[in-house]
Amino acid sequence: MYICIVLEDITIRIITHSEDLPEMTSAKFFHSPELFRIVEQSPGQAPYMAVAIREGRVIAHLLAILRRRGSLIPPYLFTQGRVYGEGEYDEDVDREEVFRLMLEAITRKLRRRLCFYIEFSDLSTKMFAYRHFRACHYFPVQWLRIHNSLHSMPPEERLGEKTLAHIKHGQLSGVTTKEVETDEEFEAYYNMLRRFFTLKVRRYLPPEEMFRQLAASAHCKLYVTLYKGKVIGGCAVVLSEGNAHLWYLASLRKSHHHLHPGTMTVWHALSETHSMGLRHFYFMDVGLPFRKDLRRDFVLRFGGKPVSTYRWFRCTLNWLNRILTWLWKE
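Analysis parameters
Residues numbered from 1 in each chain as written. Predicted model: local features only at pLDDT ≥ 70, side-chain atom pairs only at ≥ 80, totals over all residues. Heavy atoms only, no water. Helix = DSSP H or I, 4+ residues; strand = E, 2+ residues; numbered from the N terminus. Rg over C-alpha atoms; globule rule 2.2 N^0.38 Å. Buried < 20%, exposed > 50% of the residue type's maximum accessible area, 1.4 Å probe, protein only. Contact = heavy atoms within 4.5 Å. Areas by Shrake-Rupley, 256 points an atom, 1.4 Å probe, with all protein chains shown as cover. pLDDT = per-residue confidence, 0-100. Disulfide = S-S within 2.5 Å. Phe/Tyr/Trp six-rings, centres within 6.5 Å; stacked < 30°, edge-to-face > 60°. Lys NZ or Arg CZ within 6 Å of the ring centre and 35° of its normal. Core = buried A, V, L, I, M, F, W, Y, C linked by side-chain atoms within 4.5 Å. Pairing = 2+ DSSP bridges. Expected span 1.5 Å × (residues − 1). 1 Å grid on protein atoms, 1.4 Å probe; cavity = no way out; pocket = protein on both sides within 12 Å on 5 of 7 lines; lining within 4 Å. Points joined across faces, edges and corners; volume = space filled by probe spheres on them. Nonpolar A, V, L, I, M, F, W, Y, C, P; charged D, E, K, R; others polar.

J.: Explain the overall build of the protein to me, using residue names and the numbers behind them.
T.: Looking only at helices and strands, one finds nine helices and 14 strands in the protein. For 330 residues, the compact-globule estimate of 2.2 N^0.38 gives 20 Å, and the protein sits close to it at 20 Å. Residue burial in the protein is summarised as follows: out of 330 residues, 54% are buried. A separation of at least 24 residues holds for 70% of the contacts in the protein among residues at least 6 apart in sequence. On the protein, roughly 15900 Å² of surface is accessible, and the fraction owed to carbon and sulfur atoms is 54%.

Structure, rendered in structure tokens:
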């Protein structure tokens, strides 16, 4: 456990073992003790929980994940720090000021672990803690977030005619989507993900052990899309704070393009989460806001709202971080 006293009345602790976690309430799955334990038990990953304590009480916490990444094609090996969102806070806390303290502590800790770069995404607002990120030498990259409101109208009313036709064609062809029920379905889903992500340099696929634990969690659903008993698509959906987050979507687009497996998978996830009474459906990692982007165009077919946001990055190599900061200057 790494401890850093940063103010007279606030202590920031960086916790790396679940047995050291203090009592805390958590509504956000991406900063929960549950995800901490899932990551802790997954090879190639390590959790770092920054905890802000005042007068013996936890007032805020933030979970960072250290990932070991590598591939033979193309060859690379490094570690990456990953944070989803800005953490959780008590109502009477100055969120940005306490976030600054946790940001400084977690950045210092990950740099000492020789983490190649750190990435923050999915912040609540575009300008959240802008000056604090800058002060810690992070640089912003324009990104895109897309979400569907599930509470204002049924999701089918947001679909275009072309997407509706694809869904109807898939259903008439015998394509079905359901929650993973058997080990064979799980293995087929994960193997499909592995093939899908093999040549994706930026995207990261967690180990199989992590997906097995996610499948067993009440806060996650794994869906598979089937055609004649074969898995041709699938996704993970995280349930958090009354919202759904689409995570790790993949499909066999080349061999089964005519059946629109990606469309069928997303549509089922949208329909299911709407029937659960959830408020919003977030598409995670839509990508950079390029003028032409196939993934973004696909996601927008479901009637979601695109919002411009920032992702914040910091490279541990100071000279490289200065170059990247200059390249991505606004």
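J.: Talk me through the confidence of the model for the protein; I want residue IDs and the actual numbers.
T.: Detailed reading of predicted coordinates is not advised where the pLDDT is low. Looking at the protein, the pLDDT average stands at 90 and 92% of residues meet or exceed 70. Ranking the helices and strands of the protein by mean pLDDT puts helix H1 (residues 33-40) first, with 97, and strand S1 (residues 2-5) last, with 54.

J.: Mind laying out the state of the cysteines, listing which residues take part and the relevant values?
T.: Counted according to the given criterion, the structure contains zero disulfides. Its sulfur unpaired, cysteine 220 is 9.1 Å from the next cysteine sulfur, which belongs to cysteine 235. Judged by relative accessible area, which is 0%, cysteine 235 ranks as buried.

J.: Quick one: what's the story with the packing of aromatic side chains, residue by residue and with numbers?
T.: Within a pair of aromatic rings, the relevant descriptors are the distance that separates the centres and the angle that separates the planes. Using the criterion set out here, one finds 27 aromatic pairs in the structure. Note on tyrosine 130 and tyrosine 310: the rings are 6.1 Å apart at their centroids and 50 degrees apart in plane angle, and the pair reads as tilted. Note that tyrosine 130 is positioned in helix H3 (residues 130-135) and tyrosine 310 in strand S14 (residues 305-315), a separation of 180 residues in sequence. Given a relative accessible area of 6%, tyrosine 310 falls into the buried group. Their ring planes at 65 degrees and their centres at 5.8 Å tell us that tyrosine 310 and tryptophan 312 sit as a pair that is edge-to-face. Take tyrosine 310 and tryptophan 312: they sit in the same class, and that class is buried. Of the aromatic side chains, those joined through ring pairs into one cluster are Phe29, Phe30, Tyr84, Tyr189, Tyr190, Phe211, Trp247 and Tyr248. Across the ring face of tyrosine 84, the terminal group of arginine 82 is positioned such that the distance to the ring centre comes to 4.2 Å. Above the ring of tyrosine 310, the side-chain terminus of lysine 126 is found at 4.8 Å from the ring centroid.

J.: A description of the nonpolar core should follow, citing residues and the corresponding values.
T.: With 69 residues, the main nonpolar core has Tyr189, Phe211, Trp247, Tyr248 and Phe283 as its most contacted residues. Ignoring anything within four residues of it in the chain, the contact list for tyrosine 248 reads Arg67, Tyr84, Tyr189, Leu193, Phe197, Tyr204, Leu205, Pro206, Phe211, Gly234, Cys235 and Ala236. In terms of nonpolar packing, the next biggest core, distinct from the first, is built from 33 residues, Ile10, Ile14, Leu103 and Ala105 among them.

J.: So what about the pairing of strand S7 (residues 117-121)? Which residues, and what values?
T.: For a regular strand, side chains alternate in direction, first toward one face of the sheet and then toward the other. Burial of S7 is extensive: five of the five residues sit out of reach of the surface. Sheet topology places S7 next to S14; four bridges connect them, and they run antiparallel. Bridge assignment links glutamate 119 to a residue of S14, and that residue is phenylalanine 313.

J.: Tell me what's going on with helix H4 (residues 161-172), and back it up with residues and numbers.
T.: Compared with the 16 Å implied by 1.5 Å per residue over twelve residues, the 16 Å span of H4 between its first and last C-alpha is a close match. With its phi angle positive at about 95 degrees, glycine 174 sits one or two positions after the end of H4.

J.: Mind laying out the environment of leucine 66, listing which residues take part and the relevant values?
T.: Within the element layout of this structure, leucine 66 appears in strand S4 (residues 57-72). Assessed through its relative accessible area of 6%, leucine 66 is described here as buried. For leucine 66 and glutamine 45, which are 21 residues apart along the polypeptide, the C-alpha to C-alpha distance reads 5.5 Å.

J.: How would you sum up empty space enclosed by the protein? Please name residues and give values.
T.: Tallied over the full model, the rule gives two cavities of 30 Å³ or more. Estimated volume of the largest cavity: approximately 260 Å³. Around the largest cavity, the lining comprises 19 residues; the ones closest to its centre are Arg203, Tyr204, Trp247, Tyr248 and Asp285. Contributions of two or more residues to the lining of the largest cavity are made by S4, strand S5 (75-84), strand S12 (243-251) and strand S13 (280-287). In terms of residue count, S12 provides more of the lining of the largest cavity than any other element does, four residues in total. When its residues are assigned to classes, the lining of the largest cavity shows eight nonpolar, one polar and ten charged. What the second largest cavity holds in volume is close to 60 Å³. As for the second largest cavity, its lining consists of Ser121, Asp122, Trp143, Leu144, Arg145, Phe283, Met284, Asp285, Val286, Thr309, Tyr310 and Arg311. Only strand S8 (139-149), S13 and S14 provide two or more residues apiece to the lining of the second largest cavity. The greatest single-element share of the lining of the second largest cavity, amounting to four residues, is contributed by S13.

J.: Before we move on, can you summarise the environment of alanine 215 with the specific residues and values?
T.: Locating alanine 215 in the fold gives a position in helix H6 (residues 208-216). Judged by its relative accessible area of 37%, alanine 215 falls in the partly exposed class. The spacing of alanine 215 and glutamate 40 is 175 residues in sequence and 16 Å in space, taken between C-alpha atoms.

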